[in-house]
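# Structural overview
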Amino acid sequence: MRSQISKTRLWIARIMSGLVILFMLFDGVFKLIQPAPVVEGTLVLGYAEHHIGVIGILALVSTVLYAIPRTAVLGALLLTGFFGGVIATQIRVDAPLFSHTLFAVYLAILMWGGLWLRDERVRKLFI
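The model shown is predicted, which means the values in this text are computed figures rather than measured ones. (Residues numbered from 1 in each chain as written. Predicted model: local features only at pLDDT ≥ 70, side-chain atom pairs only at ≥ 80, totals over all residues. Heavy atoms only, no water.)

## Here we look at the nonpolar core
Our working definition: Side-chain atoms within 4.5 Å link the members of a nonpolar core, which is a set of buried Ala, Val, Leu, Ile, Met, Phe, Trp, Tyr and Cys residues. Residue burial is assigned from relative accessible area. The probe radius is 1.4 Å, only protein chains are included, and a residue is buried under 20% of its type maximum, exposed over 50%, and partly exposed in between. Note on conventions: DSSP H or I runs of at least 4 residues are helices, E runs of at least 2 residues are strands, and numbering of each starts at the N terminus. What makes two residues a contact is simply this: any of their non-hydrogen atoms within 4.5 Å.
Ranked by size, the top nonpolar core spans 17 residues in total, and within it Met 24, Tyr 66, Phe 83 and Met 111 carry the most contacts. Only α1 (7–33), α3 (52–67), α4 (72–92) and α6 (103–118) provide two or more residues apiece to this core. Apart from the residues lying within four places of it in its own chain, the contact partners of Phe 83 are Val 20, Met 24, Ala 104, Leu 107, Ala 108 and Met 111.

Following this line, the structure appears as structure tokens:
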């Protein structure tokens, strides 16, 4: 039996999750089409050009799993790992802390917060 949540709570959860989904879809698609700024930025981070497409596919698959309610928890776990890699990469290149390194943490907070607001199973994990 699923408990009902308020419409306000549901919309806040959708907005939080939607921001993460939109950003990750944008990021993943641009990694697949590989415009020059994406290639240059990825090379600066220390990745080879042939890695860009793989990173894009991993981002898109994880994001799609997060966007589907039935697989949202799996998607969130995969994206958490993805974000961990982003943080490690930013630390390795000595990027600015609040604007670059912690950006993935901000996305993770929005992602898990949105999931927590809309999924009773996730709320039960923290209670």
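## Focus: the packing of α3 against α4
Convention followed: Here an angle of 0 to 180 degrees is reported between the N-to-C directions of two axes, which are lines fitted to C-alpha atoms, with helices fitted over the stretch in contact. Helix crossings are classified by the rotation of the near helix relative to the far one: an anticlockwise turn of less than a right angle makes the crossing left-handed, while a clockwise turn makes it right-handed.
Orientation of α3 relative to α4, taken along the N-to-C sense of each, is 145°, at an axis distance of 6 Å. Seen from above, α3 lies across α4 with left-handed handedness. Here α3 contributes Ile 55, Ala 59, Ser 62, Thr 63, Leu 65 and Tyr 66 to the contact with α4, which in turn contributes Ala 72, Leu 74, Gly 75, Ala 76, Leu 78, Leu 79 and Phe 82.

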